[in-house]
Amino acid sequence: MSLTLDQLNNADQAGFTALLNGVYEHSPWIAEQAWAQRPFKTLAHLKYALAQVVRQAPQTAQLGLIRAHPELAGKAAVAGQLTAESTNEQSKAGLTHCTAEEFDLLQQLNQDYNARFGWPFIMAVRGPRGQGLSRSAIIAIFQRRLDNHPDFELAECLRNIHRIAEIRLNDKFAIRNLEGELVWDWCEALAQHTEGIGDTAGHLTVTYLTPAHQACAKNLQTWMHDCGFDEVSQDAVGNVVGRYQGTDPNEPWLLTGSHFDTVRNGGKYDGRLGIFVPMACVRQLHRRGQRLPFGIEVVGFAEEEGQRYKATFLGSSALTGDFNPAWLDLIDADGITVRQAMVDAGLPGKLDAILALKRDPCRYKAFVEVHIEQGPVLDEIDMPLGVVTSINGSARYSGEVIGMASHAGTTPMDRRKDAAAAVAKLLLYVERRAGLDLQSPHGPSVGTVGVLNVPQGSINVVPGRCLFTVDLRAPNNEQRDALAADMEGALKSICERRGVHYKLERTMTATAAPSDPAWQARWALAVQATGLPAYTLPSGAGHDAMKLHQVMPQAMLFVRGGNAGISHNPLETITSDDAQLCVDAFMHLLENL
């Protein structure tokens, strides 16, 4: 018989602890301390409370929790001394059926890991979907994590322990996250389409209007039809649009969605999650035979990343009426124009057809977007969902410092005009100056010198030229502009002091996009309805919501990314449990407008 929240909420401390026996390996103290936080509104509330007990525990207790776990395919497993829960998990991952070579490798990895960190390697071997990782995937992750810093690895072990506990709680409560699993499966299925070939065959790369991109668009249209959308189409810029009618034809629609193109060798959830979550909500409504007073329009934006052509937000710019006609004549690495790529993909390739896509803001309530965080904040604090306060404004620069190339052996250190050293000084300044905004009430700034290139550099030549880029971001325009002014002033001062010259061009300025307060509050209520606190944070990355912000209210919901929130990377990951919470929050938003 499955466990219920009523049983837990009505139990005394001893009974509560007994009911949660085995959720955290040999560590009843976690349940004992969480008991005081009853009543739990939802299972997510319980999971979060348990995780917070561990977060607030002294490190000695955290290390004790880690050391209570067995090694993977270790001596305890061989001797049959694992708990029933650990036995089930290692069995589902196939660790009880290792080949001799795999078993020997795992024993060596266990030994190396313990020698480096002093505790056993912890991994949620049932994985992000709960059905179990392959042995090869487990071994690859094991090998990768051996290179982590001990402080980071300690936190990563605890995060994996919470994932193990989450899956065990799902089993105790007999919970299946059906919509979350569907969203996760859609992301996996869409990732089968990629441009990667040869050396990049394992990479996920989908750029604008390539065959892989067109295959993704076809999949999205098929799945939208299956979900019950009333209208499904691909528009003149390549966006995939699904519309689910409301009961009141005079009621403004809700616009939502995200992009389905990727960076080169990217992740499976960036952008795509924001298409699939509202699709799952429409599917729920359709299966119930339910209509809301307003219609829901879900857009899979065809282009956001700027990978194939030197332009970004082609998909969302068409909806805001901001599509630049000059973009049609941009060429890719093979000399193919945007216009020709459109025609080759079966689109009109005509400006008037693209301009006709402009939406009338009066016909929409707002634009809301769901997105993987693409950063470590939520993962670090064990928070599945976050409400976005603002999308950072940014300023990008391309620059060059010109010094004097000279012999590395004969030029005294006090007489050099080293262009690269000047840029290195600027890099350190940007790092230090952006760090001053860490405690800003509006959110932190970030600054990056992403390119530092010495043309025709040589090991025995003092650099005479250095090309560089600067990327500055801040949660509002004033903070961004102050950071930019200080960076420009620092470059001028550095170059004057070192007797070198510089050129600096601002190549892009993006306006910050603060979330609409009313819609941000709606997201907060939706998160709270899942049983979680409404944690707020800014977005350091750009999103389609930045474009829609120009014409209508916008607000975003972030979903925690695993592996310390890494994104634009194959290691990008979410769990089906977090996807389910996102669907639940989105449904609450829809049903309470």
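Shown above is the structure to which this text applies.
Criteria and thresholds
Residues numbered from 1 in each chain as written. Predicted model: local features only at pLDDT ≥ 70, side-chain atom pairs only at ≥ 80, totals over all residues. Heavy atoms only, no water. Salt bridge = Lys/Arg side-chain N within 4 Å of Asp/Glu carboxyl O. Helix = DSSP H or I, 4+ residues; strand = E, 2+ residues; numbered from the N terminus. Buried < 20%, exposed > 50% of the residue type's maximum accessible area, 1.4 Å probe, protein only. Patch = residues over 30% accessible without salt bridge, like charges linked within 9 Å, V, L, I, M, F, W, Y side chains within 5 Å. Areas by Shrake-Rupley, 256 points an atom, 1.4 Å probe, with all protein chains shown as cover. Lys, Arg positive; Asp, Glu negative; His and termini not counted. Charge placed at Lys NZ, Arg CZ, Asp CG, Glu CD. Axes fitted to C-alpha atoms, helices over the stretch in contact; angles between N-to-C directions. Parallel < 35°, antiparallel > 145°, perpendicular 65-115°, else oblique. Left-handed = near helix turned anticlockwise from the far one by under 90°. Contact = heavy atoms within 4.5 Å. Nonpolar A, V, L, I, M, F, W, Y, C, P; charged D, E, K, R; others polar. Pairing = 2+ DSSP bridges. Expected span 1.5 Å × (residues − 1). Core = buried A, V, L, I, M, F, W, Y, C linked by side-chain atoms within 4.5 Å. Right-handed = clockwise from strand over helix to strand, strands pointing away.

Q: Just checking my understanding: could you explain the pattern of salt bridges for this structure?
A: Two side chains with opposite charge may pair up if their charged atoms get near one another. Here the structure, examined in full by the defined rule, presents 33 salt bridges. The salt bridge partner of E25 is R168, with a shortest N-O separation of 2.9 Å. Residue E25 is found in the loop between α2 (13–19) and α3 (28–34), and its partner R168 is found in helix α10 (residues 150–173); the two are separated by 143 residues along the sequence. For E25, a relative accessible area of 2% translates into the label buried.

Q: Would you mind going over unusual backbone geometry with me for this structure?
A: A cis amide bond links R38 to the next residue, P39, at an omega of 0°. Mapping P39 onto the fold places it in the loop between α3 and α4 (43–56). At A174, a residue that is not glycine, the phi angle is positive and equals roughly 55°. One can find A174 in the loop between α10 and α11 (178–190). When its relative accessible area of 56% is taken as the criterion, A174 is described as exposed. With a phi close to 60°, A564 is a non-glycine residue in the positive phi region. Looking at the secondary structure, you find A564 in helix α22 (residues 562–565). Looking at A564, the relative accessible area reads 18%, which means it is buried.

Q: Help me out: how do you make sense of a positive patch on the surface in this one?
A: Together, K425, R432, R497 and R498 make up a positively charged patch on the protein surface. The set of elements that each furnish at least two residues to the positive patch consists of α18 (419–435) and α19 (477–498). Assignment of secondary structure puts R498 in helix α19.

Q: Quick question: what am I supposed to make of the packing of α18 against α19 here?
A: A packed helix pair is summarised by two numbers, namely the angle formed by the two axes and the spacing between the axes. Look at α18 against α19: their axes get within 10 Å of each other, and the N-to-C directions meet at 150°. When the axis of α18 is compared with that of α19, the two are roughly antiparallel. Taken as a pair, α18 and α19 cross one another with a handedness that is right-handed. Within the contact between the two elements, α18 uses A421, A422, K425, L426, Y429, V430, R433 and A434 and α19 uses A482, L483, D486, M487, A490, L491, I494 and R498. For the contact of α18 with α19, a count of residues per class yields twelve nonpolar, no polar and four charged.

Q: So what exactly am I meant to see when it comes to the pairing of strand β2 (residues 240–244) here?
A: Taken residue by residue, a regular strand's side chains alternate between the two faces of the sheet. Summarising burial for β2: five of the five residues are buried, a large majority. Residues V240, G242 and Y244 line one face of β2 and the alternating positions V241 and R243 line the opposite face, and both faces are buried. As paired elements, strand β1 (residues 231–234) and β2 share four bridges and run antiparallel to each other. Looking at β2, one finds that V232 is bridged to G242. Between β1 and β2, which pair antiparallel in sequence order, lie five residues; one of them, G238, sits at a positive phi of approximately 105°. Looking at chain direction, β2 and strand β4 (residues 296–301) are connected through five bridges and run antiparallel.

Q: Can you help me understand α10 in this one?
A: Owing to its 3.6 residues per turn, the α-helix aligns residues three or four sequence positions apart on the same side. For α10, built from 24 residues, the straight-helix expectation of 34 Å at 1.5 Å per residue is met to within 8% by its first-to-last C-alpha distance of 34 Å. With 18 of its 24 residues buried, α10 lies for the most part within the structure. Following α10 by one or two positions, A174 has its phi on the positive side, about 55°.

Q: Sorry if this is basic, but what is going on with the environment of G386 here?
A: By secondary structure assignment, the location of G386 is in strand β6 (residues 385–391). Given the relative accessible area of 1%, G386 is considered buried. In contact with G386, other than residues within four places in its own chain, are L378, Y535, L537, M556, L557 and F558.

Q: What am I meant to see in the nonpolar core here?
A: Note on soluble globular proteins: their nonpolar side chains tend to be buried together. Counting residues in each nonpolar core, the largest one holds 104 residues, and the members touching the most others are M279, M342, W523 and L590. If we skip the residues at most four places from it in the chain, L590 touches L254, C281, L285, L292, F294 and I296. Core analysis: the next-biggest nonpolar cluster, separate from the first, contains 48 residues, I30, L65, F117 and V125 among them.

Q: Help me out: how do you make sense of the environment of F468 in this one?
A: Here F468 lies in strand β12 (residues 465–474). Taking C-alpha positions, F468 is 5.3 Å from G399, a pair spaced 69 residues apart along the chain. In contact with F468, not counting residues within four places along its chain, are Y397, S398, G399, E400, V401, V423, L426, V449, V451, L491 and L504.

Q: Quick question: what am I supposed to make of the pairing of strand β3 (residues 253–259) here?
A: Across the seven residues of β3, seven count as buried, placing the element largely inside the fold. The alternating pattern of β3 places W253, L255, G257 and H259 on one face and L254, T256 and S258 on the opposite face, and all of these are buried. Bridge count for β3 against strand β5 (residues 364–372) is four bridges, and the pairing is parallel. Residue W253 lies in a different strand from β5, and its bridge partner there is Y364. Examined bridge by bridge, β3 and β4 share six bridges and lie parallel to one another. Residue pairing in the sheet places H259 in a bridge with F301 of β4. Assessed by its sense of winding, the connection that carries the chain from β3 through helix α13 (residues 273–288) to β4 is right-handed.

By themselves these figures say nothing about function.
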